[in-house]
Amino acid sequence: MQKQKTQTYKDSHTLEERKKRVQEQLAKYPEMIPIIVEKIPGCKLPQLQKVKFLVNSSFSFNEFKNTIKKKLNLDEKTSTLFMYCGKSLMNEHDKLRNIYDQYKDPDDGFLYLQYADAETFGF
């Protein structure tokens, strides 16, 4: 029996749908950042109930990461959660606005982040 590959947000929504969604969100909430958060394949952490977030651009990356930890029922202080954009680890002190400006998808405008636990990397 073969494992089914989990569909990513990009796989399950057309480019046109994604672009339209970002444009609508930014028109209505210009101070917010549209973010997609997905689990890295092989990670033992649970899947998030929802992967799409609209977050205030003044939040630090660490504040957003703690929100994700809560949604995964992880302890904010003792649990390790790695979050990436592509192959880059994010600086926890950066504001989401700076991260978004640097790493947003050039095609649809979402900021795509992936998460994993330490075990995924053999720690």
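Throughout what follows, the structure given in this document is the object of discussion.

Rules and cut-offs
Residues numbered from 1 in each chain as written. Predicted model: local features only at pLDDT ≥ 70, side-chain atom pairs only at ≥ 80, totals over all residues. Heavy atoms only, no water. Helix = DSSP H or I, 4+ residues; strand = E, 2+ residues; numbered from the N terminus. Rg over C-alpha atoms; globule rule 2.2 N^0.38 Å. Buried < 20%, exposed > 50% of the residue type's maximum accessible area, 1.4 Å probe, protein only. Contact = heavy atoms within 4.5 Å. Areas by Shrake-Rupley, 256 points an atom, 1.4 Å probe, with all protein chains shown as cover. Lys, Arg positive; Asp, Glu negative; His and termini not counted. Charge placed at Lys NZ, Arg CZ, Asp CG, Glu CD. Core = buried A, V, L, I, M, F, W, Y, C linked by side-chain atoms within 4.5 Å. Arc of directions from axis to C-beta. Phe/Tyr/Trp six-rings, centres within 6.5 Å; stacked < 30°, edge-to-face > 60°.

Observations concerning the overall build of the protein
Helix and strand content of the protein: 4 helices and 5 strands. Going residue by residue from the N terminus, the α and β elements of the protein occur as α-α-β-β-α-β-β-α-β. Its C-alpha atoms give the protein a radius of gyration of 15 Å, within 12% of the compact-globule value 14 Å for 123 residues. Dimensions of the protein, computed from the C-alpha atoms along their principal axes, are close to 40 × 40 × 25 Å. Going through the 123 residues of the protein one by one, you find that 37% of them count as buried. Within the protein, contacts between residues at least 6 apart in sequence are counted, and of these 69% link residues at least 24 apart. Accessible surface, the protein as shown: approximately 8,000 Å² in total, 48% of it carbon and sulfur. Taking the 21 positively charged and 17 negatively charged side chains of the protein as two groups, their mean positions are separated by 2 Å.

Side note on the nonpolar core
Considering soluble globular proteins, one finds that nonpolar side chains tend to be buried as a cluster. Core analysis: the largest hydrophobic core is formed by 32 residues, its most contacted members being Ile35, Val37, Phe64, Ile68, Met83 and Leu113. Ranked by residue count, the leading element in this core is strand β5 (residues 111–116), at 5 residues. In this structure isoleucine 68 touches Val37, Leu48, Phe53, Leu81 and Met83, once residues within four positions along its chain are discounted.

Some points on unusual backbone geometry
The phi torsion at asparagine 73 lies on the positive side, around 60 degrees, for a residue other than glycine. Within the element layout of this structure, asparagine 73 appears in the loop between α3 (61–71) and β3 (82–85).

Comments concerning helix α4 (residues 96–103)
Residues of α4 that are buried include every one of Leu96, Ile99 and Tyr100, and no others. Taken end-on, α4 shows its buried residues confined to a sector of 100 degrees, consistent with a single buried face.

Description of the packing of aromatic side chains
Going through the model one piece at a time under the given rule, you end up with 3 aromatic pairs. Their ring planes at 75 degrees and their centres at 5.4 Å tell us that tyrosine 9 and phenylalanine 110 sit as a pair that is edge-to-face. With tyrosine 9 in helix α1 (residues 9–12) and phenylalanine 110 in the loop between α4 and β5, this residue pair connects regions lying 101 residues apart in the sequence. Across the pair, exposure class does not vary: tyrosine 9 and phenylalanine 110 are buried alike. Here phenylalanine 53 and phenylalanine 64 contribute two aromatic rings whose centre-to-centre distance is 5.7 Å and whose plane-to-plane angle is 80 degrees, an arrangement assigned as edge-to-face. Residue phenylalanine 53 is found in strand β2 (residues 52–56), and its partner phenylalanine 64 is found in helix α3; the two are separated by 11 residues along the sequence. What links up through ring pairs into an aromatic cluster is the set Tyr9, Phe110 and Tyr112.

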